Amino acid sequence: MNRLLVVLLALQLTGCATARTLDAAKPGAPVVYAGTRLDLYALNRGCCAKDRFGAEAPSYPGLDLPGSALLDTLLLPLSLFTALGVGFQATGGL
């Protein structure tokens, strides 16, 4: 059972729409719930995901939708700050 869960999680992360839109850096692309919106766009047979979102839609958007919705919800505070134009310098390490 654990192996199946690991395989499903790995497949989910390789095609995660939220992860793809985080790297997009396309001016004017949606920021808030971008991965979820990309999945819904692909489910509704949108033609030009790369032009609109700056990222390709996952191969199986129906399977990706729950995970993207969860990750978008977790990242909502950061995406709201980004959408409002609030810049912040985040650094990590010791």
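As the structure is a computational prediction, the values presented were derived from the model and not from experiment. (Residues numbered from 1 in each chain as written. Predicted model: local features only at pLDDT ≥ 70, side-chain atom pairs only at ≥ 80, totals over all residues. Heavy atoms only, no water.)

**Points about the nonpolar core**
By size, the foremost hydrophobic cluster in this structure holds five residues: A17, L38, A49, F53 and A55. Residues contacting F53, with those up to four places away along its chain left out, are A24, K26, A29, P30, A34, R37, L38 and Y41. (Core = buried A, V, L, I, M, F, W, Y, C linked by side-chain atoms within 4.5 Å. Buried < 20%, exposed > 50% of the residue type's maximum accessible area, 1.4 Å probe, protein only. Contact = heavy atoms within 4.5 Å.)

**Some words on the packing of helix α3 (residues 34-43) against helix α5 (residues 61-74)**
Their axes nearest at 8 Å, the elements α3 and α5 cross at an angle of 160°. Our classification of the angle between α3 and α5 gives roughly antiparallel. Considering the relative orientation of α3 and α5, their crossing is left-handed. Contacts between α3 and α5 involve A34, G35, T36, D39, L40, A42 and L43 from the first element and P61, G62, D64, L65, S68, A69 and D72 from the second. For the contact of α3 with α5, the per-class residue count stands at seven nonpolar, four polar and three charged. (Axes fitted to C-alpha atoms, helices over the stretch in contact; angles between N-to-C directions. Helix = DSSP H or I, 4+ residues; strand = E, 2+ residues; numbered from the N terminus. Parallel < 35°, antiparallel > 145°, perpendicular 65-115°, else oblique. Left-handed = near helix turned anticlockwise from the far one by under 90°. Nonpolar A, V, L, I, M, F, W, Y, C, P; charged D, E, K, R; others polar.)

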